[in-house]
Amino acid sequence: MSTVATPAPIGSYRDREWRRFIEGPDPALLEELYIPMLALAVRYDRSCAYFSSSVLSAAARGFGRLIQNLIDLGDKAARPSIRLVVNEELDADDVRALTETGDLSKLEAILLGRLKTPKDILEKKRLGMLAWLYKEGLLDIQVGVMRTASGIVHAKFGIATDAEHESIVFNGSGNESAQGLTGNYEELEVSTKTADPARYKYYSGKFKLLWDRHHPSVAVYPLPEAVRLKLIKFAQKHPPM
């Protein structure tokens, strides 16, 4: 990556009016939220779906401009700029092994099974984009597991931040999965930090609890080493353009 930073993206989330309530499927969810939001983003925090090659590939669909923003920022880009907390379900014995001994073997086996060879060229390209971000330290992924071993981390919300430190907060049923973006009926609520500072404070605080591994109900772990190495193998050799 070039160490010479070019100007940050022009514009701010303040320059447009964002619909408070928005629904899918495509094109509303993409055209009225994800694409314009990610086009100006330089930070992106997301609590979302299962870790899998197909979900990661679908998530990359709207990331093109965000990736370019990070490339343009060079060394000024935060590391990581994109933080994903994904969920996984384990049985009681596996959770006990995780929380008491730090044994990641069961979680590693499940995640490796989900990280499959892309089905087509488009999926391969999208997964390669995210893998490149991960290899460069611009993307990080952690996995949340319920401490009770009953249920999953089902909360779905995200916070995108632009170069002027304005943020968009969204929460609801939607995931950046292929079905969630193009097929499902989804409902999301959207607001900016300026318009609803209390809502921003609530969700940014919740994400920090998860990411910093301090949430009382959710145990959060980094990707096991074997999964990390396998993901990196999908990375493109050159920055996505």
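Shown above is the structure to which this text applies.
Quick summary incoming for the structure in this document. (Residues numbered from 1 in each chain as written. Predicted model: local features only at pLDDT ≥ 70, side-chain atom pairs only at ≥ 80, totals over all residues. Heavy atoms only, no water.)

Turning our eyes to something else, we now look at the overall build of the protein chain. Secondary structure summary: the protein chain contains nine helices and eight strands in total. Sorting the 241 residues of the protein chain into buried and exposed places 51% on the buried side. Here the analysis covers contacts within the protein chain between residues at least 6 apart in sequence; of these, 79% occur between residues at least 24 apart. Roughly 11400 Å² of accessible area belongs to the protein chain as shown, and the carbon and sulfur atoms make up 54% of that amount. (Helix = DSSP H or I, 4+ residues; strand = E, 2+ residues; numbered from the N terminus. Buried < 20%, exposed > 50% of the residue type's maximum accessible area, 1.4 Å probe, protein only. Contact = heavy atoms within 4.5 Å. Areas by Shrake-Rupley, 256 points an atom, 1.4 Å probe, with all protein chains shown as cover.)

Counting buried residues along strand 8 (residues 218-222), four of its five residues qualify, which places the element largely inside the surrounding structure. Relative to strand 8, strand 4 (residues 139-146) runs antiparallel, the two sharing five bridges. Pairing of Gln142 across the sheet is with Pro222, part of strand 8. (Pairing = 2+ DSSP bridges.)

Let's shift gears to the nonpolar core. Soluble globular proteins tend to pack their nonpolar side chains together in the buried interior. Residues Met37 and Tyr44 are the most contacted members of the largest nonpolar core, which totals 57 residues. Judged by nonpolar contacts, the second largest core, of twelve residues, contains Val153, Val169, Tyr203 and Phe207. (Core = buried A, V, L, I, M, F, W, Y, C linked by side-chain atoms within 4.5 Å.)

Interhelical geometry of helix 6 (residues 121-135) versus helix 9 (residues 225-233) gives an angle of 125° and a closest axis separation of 8 Å. With respect to helix 9, the element helix 6 is oriented oblique. Pair helix 6 / helix 9 crosses with left-handed handedness. For the pair helix 6 and helix 9, contact is made by Leu127, Ala131, Tyr134 and Lys135 and by Arg228, Leu231 and Ile232, respectively. Residue classes in the contact of helix 6 with helix 9 are distributed as five nonpolar, no polar and two charged. (Axes fitted to C-alpha atoms, helices over the stretch in contact; angles between N-to-C directions. Parallel < 35°, antiparallel > 145°, perpendicular 65-115°, else oblique. Left-handed = near helix turned anticlockwise from the far one by under 90°. Nonpolar A, V, L, I, M, F, W, Y, C, P; charged D, E, K, R; others polar.)

Looking now at unusual backbone geometry. With omega at 0°, the peptide bond leading from Arg79 into Pro80 counts as cis. Along the chain, Pro80 turns up in the loop between helix 3 (64-73) and strand 3 (82-87). A positive phi angle, close to 70°, is found at His165, a residue other than glycine. Positive phi values are uncommon outside glycine, yet Arg213 reaches one of about 65°. The partly exposed category is assigned to Arg213, whose relative accessible area is 41%.

Attention now moves to the pattern of salt bridges. Oppositely charged side chains can form a pair if their charged atoms are brought close together. Counted by the stated rule, this structure contains eleven salt bridges. Put simply, Arg14 and Glu164 hold a salt bridge, and the shortest N to O gap is 3.6 Å. Highlighted residues: Arg14 in the segment before strand 1 (21-23) and Glu164 in the loop between strand 5 (157-162) and strand 6 (167-172), separated in sequence by 150 residues. The partner of Glu88 in a salt bridge is Arg114, with the nearest N and O atoms 3.0 Å apart. One end of the pair, Glu88, is in the loop between strand 3 and helix 4 (92-101); the other, Arg114, is in helix 5 (residues 105-114), and 26 residues separate them in sequence. Salt bridges here are not isolated pairs; linked through shared partners, they connect Arg14, Glu164 and Glu166. (Salt bridge = Lys/Arg side-chain N within 4 Å of Asp/Glu carboxyl O.)

Helix length check: helix 1 (residues 28-40) (13 residues) gives 18 Å between terminal C-alpha atoms against 18 Å at 1.5 Å per residue, within 8%. The largest bend in helix 1 amounts to roughly 30° and is located at Tyr34, with the proline Pro36 lying one to four residues further along. Ala28, Leu29, Leu30, Leu33, Tyr34, Pro36, Met37, Leu38 and Leu40 are the residues of helix 1 that are buried. (Expected span 1.5 Å × (residues − 1). Bend = angle between axes of the 7 residues up to and from the residue.)

So, about the sheet that holds strand 8. Sheet strands pair by backbone hydrogen bonding; their relative direction is either parallel or antiparallel. Taken together, the eight strands give an open sheet; going across it, the order is 1-7-6-5-2-3-4-8, and neighbouring strands pair in mixed fashion. If you trace the sheet from one side to the other, it starts and ends with strand 1 and strand 8, each paired once. Put simply, the sheet's adjacent strands are angled 20° from each other on average, direction ignored. The sheet contacts of helix 1 involve strand 1, strand 2 (41-50), strand 5, strand 6 and strand 7 (187-192), and relative to strand 2 the element is tilted by about 135°.

Inspection of the secondary structure assignment puts Val227 in helix 9. For Val227, a relative accessible area of 0% corresponds to the buried category. In the structure, Val227 is positioned 114 residues away from Gly113 in sequence and 9.4 Å away in space, judged by C-alpha atoms.

Here the focus is the packing of aromatic side chains. Under the counting rule described, the total for this entry stands at eight aromatic pairs. With centroids separated by 5.8 Å and ring planes inclined at 85°, the aromatic side chains of Tyr34 and Phe170 adopt a geometry described as edge-to-face. In this pair, Tyr34 is assigned in helix 1 and Phe170 in strand 6, connecting sequence segments 136 residues apart. Judged by relative accessible area, which is 2%, Tyr34 ranks as buried. The buried category is assigned to Phe170, whose relative accessible area is 0%. An angle of 15° between the planes, with centres 5.9 Å apart, marks the rings of Phe207 and Trp211 as stacked. Taken together, the positions of Phe207 and Trp211, both in helix 8 (residues 197-211) and four residues apart, correspond to about one turn of that helix. A single burial state applies to Phe207 and to Trp211, both of which are buried. Grouping aromatic residues by their ring pairs yields a cluster made of Phe157, Tyr202, Tyr203, Phe207 and Trp211. The ring of Tyr200 has Lys193 sitting right over it, with the charged end atom 5.1 Å from the ring centre. (Phe/Tyr/Trp six-rings, centres within 6.5 Å; stacked < 30°, edge-to-face > 60°. Lys NZ or Arg CZ within 6 Å of the ring centre and 35° of its normal.)

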